[in-house]
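Analysis of the macromolecular model
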Amino acid sequence: MNYINKTTDELIEIFEENLLETNRGFNFYIDWDNIAGLDDYIIEFHSMDALINCHENFDNMFLNLLQKVPTVIKTFPFLFALAKAERDKMISGKTDLKVIGSEIDSEDVQEFSFKYTSDMNGLTIEQRYRYLDFFKHMGLKNLFQNIIEKSVLDYVVGVLVGLDSNGRKNRGGKAFELACEPMIRQICDRFDVKLITQKKFKILEKYGFNINDDIANRKADFILLKNNKCMNIEVNFFNGGGSKPEEIIDSYINRQSDLKKDNIDFALITDGNCWRVATNQLRKGFRYLKYLMNYKMSKNSVLEEIICEIFDE
């Protein structure tokens with residue numbers, strides 16, 4: 001496309017002709033990374049299969065299961081909606097699950113721990129009854145009696161890869177980042193450029209860069225490194241109007257200025273139908289940001305051209 005030599009008017013025209021209607025790629029809908037580590041609990045998951053379709057004596061079966069396989073409590077956070085980071089902290093014992101007690105005679109806030117270590121020597125009968133109460137209030141007893149038909153593990157995989165409402169909300173906020181990463185990574189691999197994702201700029205101190213305090217603790221979507229040169233790529237997507245497009249251009253003009261102090265290049269990939277109406281801000285962006293493009297422009301050689309220019313390829 002020869003982006004470098006295009007005029008502002010030419011770039012704006014190309015930009016507006018190539019706007020996307022969605023920010024969701026294939027990797028938005030299924031999160032396979034979310035099931036990493038499930039094999040560590042395969043025995044516990046299979047042991048819970050004994051509770052499936054158990055109607056007459058569920059409570060006794062549950063109490064006996066916790067007596068014989070106390071480590072099964074570590075799998076409970078997989079059965080309901082939690083972000084992966086929060087779930088991992090609960091299993092490791094760094095945090096407990098805190099729940100507001102809704103009944104009149106219940107505690108205001110109830111806490112449940114899902115950590116189990118070998119030196120605990122089993123669960124007390126009081127602990128087992130407390131987990132049974134948790135199962136009933138959370139609706140998990142009904143899940144085992146009336147919903148799951150064959151396999152607890154199959155249910156957990158389904159929750160984690162596609163149905164986790166908490167995780168889906170988190171992914172929705174970074175959907176465009178998920179869509180752009182494969183493209184950026186492919187170009188980086190082709191030219192042997194190191195790619196770092198979702199890290200604070202102070203990580204660059206490990207690579208010999210002197211990072212000023214204005215940006216050290218800011219998080220970058222993508223950082224590219226090669227031959228003592230560095231580039232930051234930020235991505236965002238706006239479908240509606242409002243103040244965000246106006247704010248975002250000014251904030252990234254400031255970021256470009258801050259990064260320039262440390263000899264770091266900056267590029268912005270932004271997209272969405274809002275740019276059809278936020279024309280003044282779009283023009284401002286192309287006037288003050290050295291590298292500005294949308295998704296289709298990025299795929300159509302523009303990003304590769306810019307990376308080659310920055311890293312002397």
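Relevant structure appears above.
Let me sum up the structure you'll find in this document.

Conventions used here
- Residues numbered from 1 in each chain as written.
- Predicted model: local features only at pLDDT ≥ 70, side-chain atom pairs only at ≥ 80, totals over all residues.
- Heavy atoms only, no water.
- Helix = DSSP H or I, 4+ residues; strand = E, 2+ residues; numbered from the N terminus.
- Buried < 20%, exposed > 50% of the residue type's maximum accessible area, 1.4 Å probe, protein only.
- Lys, Arg positive; Asp, Glu negative; His and termini not counted.
- Salt bridge = Lys/Arg side-chain N within 4 Å of Asp/Glu carboxyl O.
- Contact = heavy atoms within 4.5 Å.
- Phe/Tyr/Trp six-rings, centres within 6.5 Å; stacked < 30°, edge-to-face > 60°.
- Patch = residues over 30% accessible without salt bridge, like charges linked within 9 Å, V, L, I, M, F, W, Y side chains within 5 Å.
- Areas by Shrake-Rupley, 256 points an atom, 1.4 Å probe, with all protein chains shown as cover.
- Charge placed at Lys NZ, Arg CZ, Asp CG, Glu CD.
- Pairing = 2+ DSSP bridges.

1. So, the side chain of Lys74
Inspection of the secondary structure puts Lys74 in the loop between α4 (58–68) and α5 (84–92). One buried charged residue, Lys74, remains without a salt bridge, the closest side chain of opposite sign being Glu44 at 6.7 Å. Not counting residues up to four positions away in its chain, the partners in contact with Lys74 are Tyr41, Ile91, Phe114 and Tyr116.

2. Re the packing of aromatic side chains
Note on aromatic pairs: each is described by the distance of the centres and the angle between the planes. According to the stated counting rule, one finds 18 aromatic pairs in the structure shown. When the centroid spacing of 6.1 Å and the interplanar angle of 25° are considered together, the rings of Phe62 and Phe76 count as stacked. Within this pair, whereas Phe62 is found in helix α4, its partner Phe76 is found in the loop between α4 and α5, the two being separated by 14 residues in sequence. In this structure Phe76 comes out as buried when scored by relative accessible area, which is 0%.

3. Side note on a positive patch on the surface
A cluster of basic residues, Lys194, Lys199, Lys200, Lys202, Lys206 and Lys219, forms a positive patch at the surface. Here Lys206 shows up in the loop between β3 (194–200) and β4 (219–226). Looking at Lys206, the relative accessible area reads 67%, which means it is exposed.

4. Side note on the sheet that holds strand β6 (residues 264–271)
Pairing within the open sheet is mixed, and its five strands lie in the order β3-β4-β5-β6-β7. Where the open sheet ends on each side, the last strands, each with one partner, are β3 and β7 (292–293). The sheet contact formed by β6 and β7 spans two bridges and is parallel. Among the inter-strand pairings, Ile269 is bridged to a residue of β7, identified as Met293.

5. Comments concerning the environment of Ile248
One can find Ile248 in helix α11 (residues 244–260). Looking at Ile248, the relative accessible area reads 16%, which means it is buried. C-alpha of Ile248 to C-alpha of Thr270: the two residues are 22 residues apart in sequence and 9.8 Å apart in space. Those residues in contact with Ile248 that sit more than four places away from it in its chain are Asn236, Phe238 and Trp275.

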